[in-house]
Amino acid sequence: MNILIVGSGAREHAIARALSNSPQKPTLYCCALTNNPGIEPLCKEYWIGNISDADEIPNLAKDWKIDLAIIGPEAPLEKGIADALWAINIPVVGPKKKLANLETSKSFTRDLLAYYQIPGSPQYRVFYNLVGVKDFLQELGEGGYVIKADGLMGGKGVKVAGDHLHSFEEAYEFCEELHADNQAFVIEEKLIGQEFSFMCFCDGEHLIPMPLVQDHKRAFENDKGPNTGGMGSYSDATHSLPFLSKEDIKAAQQINLAVIEALKKECDERYIGILYGSFIATRAGIKLIEYNARFGDPESLNVLSILESDFVEVCKAMVSNNLSRAQVQFAPLATVCKYAVPKGYPDQPEDGALIDVSGVQYPERLFFAAVNEKDGKIYTTRSRAVAVVGVAKTISEAEEIAEQEINRIKGALYHRKDIGREVCLSCD
Ligand code: AMP
Ligand code: GLY
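Within every chain, residues take consecutive numbers counted from 1 along the sequence as written. Just so you know, chain letters begin at A and ligand numbers begin at 1, following the order they were written in. Note on the predicted model: pLDDT of at least 70 is required for a residue's local features to be given, and 80 or more for side-chain atom pairs to be given and counted; whole-chain, interface and lining totals, by contrast, use all residues. The basis for every side-chain value is the complete set of heavy atoms in the structure, and neither hydrogens nor water enter the calculation.

Participant: Explain the overall build of the chain residue by residue, including any values.
Facilitator: Helices and strands together make up the secondary structure of the chain, namely 12 helices and 22 strands. Its C-alpha atoms give the chain a radius of gyration of 21 Å, within 12% of the compact-globule value 22 Å for 428 residues. Residues classed as buried in the chain amount to 58% of the 428 residues present. Should any heavy atoms of two residues lie within 4.5 Å, those residues are considered in contact. Across the chain, contacts joining residues at least 24 apart in sequence account for 69% of those joining residues at least 6 apart. Using a 1.4 Å probe, the Shrake-Rupley method yields the accessible areas, and only the shown protein chains count as cover for residues. Entry remark: accessible area of the chain is about 17,600 Å², with carbon and sulfur atoms responsible for 47%. The average position of the 44 basic charges and that of the 60 acidic charges among the side chains of the chain differ by 3 Å. Helical segments are the DSSP runs of H or I of at least four residues, strand segments are the runs of E of at least two, and each set is numbered from the N terminus. Computation of the radius of gyration draws on C-alpha atoms alone. For the globule rule, the value is 2.2 Å times the number of residues to the power 0.38. Whether a residue is buried, partly exposed or exposed follows from its accessible area with a 1.4 Å probe, protein chains only, as a fraction of its type maximum: under 20%, in between, or over 50%, in that order. Positive charges come from Lys and Arg alone, negative charges from Asp and Glu alone, with His and the N- and C-terminal ends not counted. The location of each charge is read from NZ of Lys, CZ of Arg, CG of Asp or CD of Glu.

Here it is, written out as structure tokens:
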């Protein structure tokens, strides 16, 4: 079986490894952005170019006689790569463009929940110009709002009062910037609580949950400093998280199920792929921060490291509307993922620094992200470099393994020691 992976970060490294561990021994192909030294050796063909090119990717897939494709990042989903592959009869794990609006348009998602009366949204309003912005900011109050560009902005489109915006003037200026950039935007109530990532496999009808994960996005310990792509994450052997009750999980899953139903009605298409809800446990119950239409990075590294089922079978079941809970088994183990990132990341990363991973003890639990391989040597770029995952019976044992392992990686890198430690299980 020929399987195409689109994307070349640590998430796609985890996907490639999970596929190559299948007893079905699929032949892997990759359309990549960079030369990932973890993915490339697992593939028969490794093409580097524009992974959102809706002409080139289907052409390659045809030449390679691809039987199934998995799209890792959001950008190719937004450009309709799933639509283009389905159009030539290649089944795809990853929703079509219209359905991927769930991630690529914040207003689409908030309006979907409102229209179908799905609970979980904060108070919000969508703006296409600056009329009424000042009044709505005042209504939410000093420190009580979040402003989000409607579309994808590479992680730079969301600003939170108190963290990034310190006055109504700054908030209004950000809205002016977005408007000048021709972006619609959403202003919503700021939610307070613990965030968690709830990813499900979805065949358009059935939603099979993966273990819940908490990601730490801030660059520095105790969740301080600028936002990053994610510095690390953990999951528990129970597949729940220490701060969640059974009712919380049920509430989040009910939102997921209602959203899949609503999408089916709204788009007249099945949502096939990963549904990733970013939720927050507030005093007033579970609320939705946003949806992503793909695996999380780093969350995918946690969950795919303990997937016991054959990932190829799971993917086949997703694209054939045939997914059942019995098909998806995860080991009852805890995981801790830590990212090593270039010194100065995210604001002034030192790129081009040589890194050496030869000392690691568990190469099967090491995942390359945005590195560059040249003449057999590995160099940093401006983004996250390499992640390790510790797997054990408890979060604390998994943390120790991950911490020891990450210290075996040499180079001008840093990581957060606190992720997965007791102090951080309740920091936000
Ligand atoms: P991004 O993943 O770049 O869209 O960033 C979203 C981040 O902004 C989330 O992880 C939250 O920490 C924060 N955020 C988004 N919406 C809200 C909200 N309504 N209340 C509080 N924090 C939010
Ligand atoms: N872990 C955050 C993301 O994948 O968007």
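Participant: Quick one: what's the story with the packing of aromatic side chains, residue by residue and with numbers?
Facilitator: The criterion for an aromatic pair is that two Phe, Tyr or Trp rings (for Trp, the six-membered ring) have centres within 6.5 Å, with stacked assigned to planes under 30 degrees apart, edge-to-face to planes over 60 apart and tilted to the rest. Within the structure shown, the criterion is met by 13 aromatic pairs. Both rings, one in Phe-196 and one in Phe-279, keep their centres 5.8 Å apart while their planes meet at 25 degrees; by these two values the pair is stacked. You can see Phe-196 sitting in strand 10 (residues 194–203) and its partner Phe-279 sitting in strand 14 (residues 272–282), a full 83 residues away along the chain. Grouping residues by exposure puts Phe-196 and Phe-279 together as buried. Three or more aromatic residues link up through ring pairs in this structure, and these residues are Phe-196, Phe-198, Phe-243, Phe-279 and Tyr-291.

Participant: An account of the nonpolar core is requested, with residue identities and associated values reported.
Facilitator: Working definition of a nonpolar core: buried Ala, Val, Leu, Ile, Met, Phe, Trp, Tyr and Cys residues. They are joined through side-chain atoms within 4.5 Å. In terms of nonpolar packing, the biggest core is built from 126 residues, with Leu-4, Phe-196, Phe-201, Leu-263 and Phe-311 touching the most fellow members. If near-sequence neighbours (up to four positions away) are discounted, Leu-4 is found in contact with Tyr-29, Cys-30, Cys-31, Ile-57, Ala-61, Trp-64, Ile-66, Leu-68, Ala-69 and Ile-70. Counting 18 residues, the second largest nonpolar core, distinct from the first, contains Phe-136, Ala-149, Cys-175 and Ile-187.

Participant: A description of the site of ligand 1 should follow, citing residues and the corresponding values.
Facilitator: If even one non-hydrogen atom of a residue comes within 4 Å of a molecule or strand, that residue is called near it. Lys-148, Glu-188, Leu-191, Glu-195 and Glu-290 are the nearest of the 14 residues found near ligand 1. Distance and chemistry together define a polar contact, namely a pair of N or O atoms within 3.5 Å, with one atom able to donate a hydrogen and the other to accept it when in protein, and with adjacent residues in sequence counting only for side-chain atoms on both sides. One of the side-chain nitrogen or oxygen atoms of Lys-106 is found 3.4 Å away from an oxygen atom of ligand 1. Between a nitrogen atom of ligand 1 and a side-chain N or O atom of Glu-188, the distance comes to 2.8 Å. Listed by contribution, the elements that provide at least two residues to the shell around ligand 1 are strand 7 (145–149), strand 8 (158–160), strand 9 (185–189) and strand 15 (285–292). Asp, Glu, Lys and Arg are counted as charged, while Ala, Val, Leu, Ile, Met, Phe, Trp, Tyr, Cys and Pro are counted as nonpolar; the rest, among them Gly, fall into the polar class. Taken together, the residues that form the shell around ligand 1 break down as five nonpolar, one polar and eight charged.

Participant: An account of the site of ligand 2 is requested, with residue identities and associated values reported.
Facilitator: The full set of residues close to ligand 2 is Asp-215, Lys-217, Tyr-276, Asn-292, Arg-294, Gly-296, Asp-297, Pro-298 and Glu-299. One of the backbone nitrogen or oxygen atoms of Asp-297 is found 3.0 Å away from an oxygen atom of ligand 2. Isolated, ligand 2 exposes 200 Å² of accessible area, and the fraction of that covered by the protein chains is 88%. In terms of residue class, the shell around ligand 2 is made up of two nonpolar, two polar and five charged.

Participant: Quick one: what's the story with the side chain of Asn-36, residue by residue and with numbers?
Facilitator: Structurally, the position occupied by Asn-36 is in the loop between strand 2 (27–32) and strand 3 (43–48). The exposure class of Asn-36 is buried, given its relative accessible area of 0%. A polar contact of 3.1 Å, which involves the side chain of Asn-36, links it to the backbone oxygen of Ser-8. Of note is the side chain of Asn-36, whose polar atom sits 3.2 Å from the backbone nitrogen of Ile-39. Not counting residues within four places of it along the chain, the set of residues in contact with Asn-36 comprises Ser-8, Gly-9, His-13, Pro-41, Tyr-46, Phe-368 and Ala-369.

Participant: How would you summarise the sheet that holds strand 5 (residues 92–93) if you had to cite specific residues and measurements?
Facilitator: One bridge is not enough; two strands pair if DSSP finds at least two bridges between them. Here we have five strands laid out as an open sheet, ordered 3-2-1-4-5, and parallel in their pairing. The two strands at the open ends of the sheet, each matched to only one other strand, are strand 3 and strand 5. Alignment of strand 4 (residues 68–71) against strand 5, held across two bridges, turns out to be parallel. Looking at the pairing, Ile-70 lines up with Val-93 of strand 5.

Participant: Lay out the packing of helix 5 (residues 97–104) against helix 9 (residues 246–267) in plain terms, naming residues and giving numbers.
Facilitator: Running from amino to carboxyl end, helix 5 crosses helix 9 at an angle of 135 degrees, the nearest separation of the two axes being 10 Å. Taken together, the axes of helix 5 and helix 9 lie oblique to each other. The interaxial crossing formed by helix 5 with helix 9 has right-handed handedness. Here Lys-98, Leu-99 and Leu-102 of helix 5 lie close against helix 9, whose contacting residues are Val-259, Leu-263 and Cys-267. Class assignment of the residues belonging to the contact of helix 5 with helix 9 gives a composition of five nonpolar, no polar and one charged. Note on geometry: axes are lines fitted to C-alpha atoms, helical ones only across the stretch in contact, with angles between N-to-C directions running from 0 to 180 degrees. Should an angle lie under 35 degrees it is considered roughly parallel, over 145 roughly antiparallel, and from 65 to 115 roughly perpendicular; all remaining angles are considered oblique. Take the far helix as the reference: if the near one is turned anticlockwise from it by less than a right angle, the crossing is left-handed, and if turned clockwise, right-handed.

Participant: Break down the side chain of His-415 for me, citing the residues and quoting the values.
Facilitator: Note on placement: His-415 falls in the segment after strand 22 (413–414). Overall, the relative accessible area of 14% leaves His-415 in the buried class. At 2.9 Å, the side chain of His-415 and the side chain of Glu-403 are in polar contact. Residues within four places of His-415 in sequence aside, it is in contact with Glu-221, Lys-338, Tyr-339, Ala-340, Glu-403, Ile-406 and Asn-407.

Participant: Describe the pattern of salt bridges, with residues and values.
Facilitator: Salt-bridge detection follows one rule: a side-chain nitrogen of Lys or Arg within 4 Å of a carboxyl oxygen of Asp or Glu. Inspection of every chain in the model, using the stated rule, returns 19 salt bridges. For Lys-316, the salt bridge identified is with Glu-313, shortest N-O distance 3.4 Å. Separated by three residues within a single helix, Lys-316 and Glu-313 lie in helix 11 (residues 311–319), roughly one turn from each other. On the accessibility criterion, Lys-316 (29% relative accessible area) is partly exposed. Within the structure, one salt-bridge network assembled from shared partners comprises Lys-338, Glu-399, Glu-403 and Arg-421.

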